[in-house]
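Residues per chain, in single letters:
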Amino acid sequence: MVLLAGALLAAIATIAVLALPGLPLALALRMRGLVLCAVLPVLSLAVIALSAEIGHELRADWSLLVPLALGILLAGIVLGARELHRRRAGHRPRHLGAAGSPAPPVLPTGREGLRAVLVPVAGLLLGGGSLLVLQLRRMGSVDAVSQTFDNVFHLSAVRHVMRLHDASVGVVGGMTRLPGESGYYPALWHQAASLVAQLSGQDVALASNVLMLAAGCVVWPLGMMALVGSATSGGRAAVGLAGALAGISGAFPLELMSWGLLLPYLLSIVLLPTLLLGAAHLLALSPAARRPDPAQLAAILIASLLAVTLAHPQGSLAAILLGLPMALVAVGLRVRSLRRGDTDSPAGLAATAGLALLALAAGLVGWSIARPSRGASSWDPTARPGEAVRQVLSLAPNSSQAFLPLALILLAAVLAVALRSRSRWLLAPWLAAAGADVLIRSLPEGDLRYLLTGPFYSDNHRVSALTVLLAVPLLAVGLEAIGRELRDRAAARGAAPSLLTAIGVLGVLVAPLVLAVSWASPATGQAERGALPQWQGQQLLSQDERALLAEVPGIVPPDAVVATNPWNGGSLVYALADREVTSLYMTEEVPRDTKLLHDRLDEARHDPRVCDAMHEEGVEYALDFGPEELWDRRDTMSGMKDLSSSGVGVVVAQEGDAKLLRLLPCRGTDGSMSS
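Scoring rules and cut-offs
- Residues numbered from 1 in each chain as written.
- Predicted model: local features only at pLDDT ≥ 70, side-chain atom pairs only at ≥ 80, totals over all residues.
- Heavy atoms only, no water.
- Helix = DSSP H or I, 4+ residues; strand = E, 2+ residues; numbered from the N terminus.
- Rg over C-alpha atoms; globule rule 2.2 N^0.38 Å.
- Buried < 20%, exposed > 50% of the residue type's maximum accessible area, 1.4 Å probe, protein only.
- Contact = heavy atoms within 4.5 Å.
- Areas by Shrake-Rupley, 256 points an atom, 1.4 Å probe, with all protein chains shown as cover.
- Lys, Arg positive; Asp, Glu negative; His and termini not counted.
- Charge placed at Lys NZ, Arg CZ, Asp CG, Glu CD.
- Pairing = 2+ DSSP bridges.
- Salt bridge = Lys/Arg side-chain N within 4 Å of Asp/Glu carboxyl O.
- Phe/Tyr/Trp six-rings, centres within 6.5 Å; stacked < 30°, edge-to-face > 60°.
- pLDDT = per-residue confidence, 0-100.
- Disulfide = S-S within 2.5 Å.

Visitor: Which residues make up the overall build of the chain, and what values do they have?
Guide: In terms of regular secondary structure, the chain is built from 25 helices and 7 strands. For 675 residues, the compact-globule estimate of 2.2 N^0.38 gives 26 Å, and the C-alpha radius of gyration of the chain, at 27 Å, lies within 12% of that figure. Within the chain, the fraction of its 675 residues that count as buried is 56%. Excluding contacts between residues fewer than 6 apart, the proportion of contacts in the chain whose partners are at least 24 apart in sequence is 74%. Entry remark: accessible area of the chain is about 27500 Å², with carbon and sulfur atoms responsible for 63%. If the 51 positive side-chain charges of the chain are averaged to one point and the 50 negative ones to another, these points end up 17 Å apart.

Visitor: Quick one: what's the story with the pairing of strand 4 (residues 649-655), residue by residue and with numbers?
Guide: Here 6 bridges tie strand 4 to strand 5 (residues 658-663), and the two strands are oriented antiparallel to one another. Bridging from a neighbouring strand, glutamate 655 pairs with alanine 658 of strand 5. Where strand 4 folds back on strand 5, the antiparallel hairpin that results is connected by 2 residues, among which glycine 656 adopts a positive phi of roughly 60°.

Visitor: I'd like a rundown of the side chain of serine 208, residues and numbers included.
Guide: Along the chain, serine 208 falls in helix 9 (residues 204-231). The exposure class assigned to serine 208 is buried, which follows from its relative accessible area of 4%.

Visitor: For the pattern of salt bridges, give the residues involved together with the corresponding values.
Guide: When the charged atoms of two side chains with opposite charge come close together, those side chains can pair. If you walk through the whole model with that rule in mind, you get 15 salt bridges. One salt bridge connects arginine 82 with aspartate 293, and the closest N-O pair in it is separated by 3.0 Å. You can see arginine 82 sitting in helix 4 (residues 65-89) and its partner aspartate 293 sitting in the loop between helix 11 (263-282) and helix 12 (294-311), a full 211 residues away along the chain. The burial state of arginine 82 is the same as that of aspartate 293; both residues are buried.

Visitor: So, the packing of aromatic side chains: which residues are in play, and what are the values?
Guide: For the structure shown, the criterion picks out 9 aromatic pairs. Relative to tryptophan 567, the ring of phenylalanine 149 has its centre 5.8 Å away and its plane inclined at 50°; by these criteria the two rings are tilted. One end of the pair, phenylalanine 149, is in helix 6 (residues 149-164); the other, tryptophan 567, is in the loop between strand 1 (561-563) and helix 23 (572-577), with 418 residues separating them in the sequence. Side by side, phenylalanine 149 and tryptophan 567 carry an identical accessibility label, which is buried. Aromatic side chains tryptophan 259 and tryptophan 379 sit 5.2 Å apart centroid to centroid with 65° between the ring planes, which places their arrangement in the edge-to-face category. Here the residue tryptophan 259 occupies a position in the loop between helix 10 (236-244) and helix 11, and tryptophan 379 occupies one in the loop between helix 14 (346-369) and helix 15 (385-393), the gap between them amounting to 120 residues.

Visitor: Which residues make up the environment of proline 346, and what values go with them?
Guide: Mapped onto the elements, proline 346 comes out in helix 14. For the pair proline 346 and proline 591, spaced 245 residues apart in the sequence, the C-alpha separation amounts to 63 Å.

Visitor: An account of the confidence of the model for the chain is needed here, citing residue identities and associated values.
Guide: Confidence in the prediction for the chain averages 89 pLDDT; 93% of positions are at 70 or higher. Note that residues 93-103 has pLDDT below 50 and, in this model, 43 contacts with residues that lie over four places away or in other chains.

Visitor: So what's going on with the state of the cysteines? Residues and values would help.
Guide: Counted under the stated rule, the structure contains 1 disulfide. Each sulfur in the disulfide pair cysteine 611 and cysteine 666 lies 2.0 Å from the other. Judged by the sign of its S-S torsion, about 90°, the bond between cysteine 611 and cysteine 666 is right-handed. One end of the pair, cysteine 611, is in helix 25 (residues 608-617); the other, cysteine 666, is in strand 6 (residues 666-667), with 55 residues separating them in the sequence.

Visitor: Tell me what's going on with unusual backbone geometry, and back it up with residues and numbers.
Guide: Following phenylalanine 252, the chain continues to proline 253 via a peptide bond in cis, the omega torsion being 0°. For proline 253, the location among the structural elements is in the loop between helix 10 and helix 11. The omega angle of the peptide bond from glycine 260 to leucine 261 is 5°, so this bond is cis rather than trans. Take leucine 261: it is sitting in the loop between helix 10 and helix 11.

Structure (structure tokens):
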């Protein structure tokens, strides 16, 4: 019951963090309906990212009040600009509703409005609900600690922001640097998670998990539905299908909610649909009646580009990979329009071609500058080319088995979009993503692989997410087109009303049926079996160790430093118990005295230099979590092993084999006793 209450508080805080900072700006822009719901988290996160840097410069303590203040200020600027424009132009700006058409109310009203609301709600409940159930089954508990390398950094970074009351990217980037040094690290995830933890009063692990679940199970389906409802010709059924099928593949978002743990990249890709939505409107690929007014479009593009990039820079590279084919399609459509003598103009063609060239230039620069080192891009291929194609078509996660029935459903939807839809532009970014996915799964190790896939660390977990991002709207629009074609042909042939009713019932059941096919695939079981140890294993932090960390705040004074080994989970006492440690993360740079403690703390009673280092660093306690470490390592920090039997301290708390020691006084180089 206590955990349930804590999760509920964290959920309420997450809603506040994802909605309140951007709400004044969204209302000032007169956004409405589904697009409002999908864009609101993007606006909020963009405001959070900007306010973190402004707050850092103004030395303002980090809290939800900082982004709220900036959001209200930006809304005031927008309202002033709109009023000035209205007076000069003598008209009222249009509203952007669920499908972009004029809609004065914030939410649709009347019987038709009720239907317009029920469809996306049903899609969200089915798609988001299925994702939530599957992910909680993998986690085992909503407050579980991911047993992964990156999670040590992410949880520690959230606590770091809260301790310093500063969420700047330089502060987060400097966390693993030497004292006084700063660095860059994409910190939007940690900024938002720190606000959730701060506002809810829950521990960092629970707050981070609830934010992760909200991003994958709510923000992601909303983005999919807004993309289909605003930027394609898909109708109400397609919108519902986009939400319902948001969890059709284990490759995304489920894979990135377990593997890594790649939380910043997960957040970036979850926000990417709104950027593609804006790009489709900017390039005039979307239906004209569904396009927002210029102010709304500018806000969508700027906020989503900021949020996607600041969540993780690879998100902007993904946007270029998908956006460039969209721009080329738009150029082709403009050329065709001019040749036919339609209403298009050379100026429109020139502007679109300019955007395409800009995307190409950004891609070339980004691909060369943002590429990590060769050593960091070391993920090997996992399939032969033919198998990689089958995996991509069946939306299979990394190293999992292809499934022909799901591939046939996707190909049928692709064919329907190509032949029976006015949203054929979806095919271009899907082909780009699918092609990149095939390459990263199958291209042999070498210079070509590094050149083409290096910016994504040659890691197909990251690129597979992009294939799913385009496959979902293709399935939604394509399946709706198939259903419409079947209904129209049956009606044209004078089919009995019972047959038309049966077609309608089948249309209602298509989402659950397609999801059932996906869940029946071997890849789904393989992905879940691979994810379970990443959440429910004990290779980083055992249940006994977690229980011992819960006791630390009642034993260790707030100003004391605990000697820890991040490789065996001991350093999570910083994130979970709010106590300073000698080392936060596996790759952290540490001062010379700290390095000496890690190597020889067990000799503190016999080596005066170690005693001096212990005194200088203020180390009073130590955690002994045994020799077993992450990735099957052992005793990485030789001075931290068998502390309880070395005589340097006394055990003051113990759970199973996990021990907390209070270090005993020792004699320094000057001959005095230090404590």
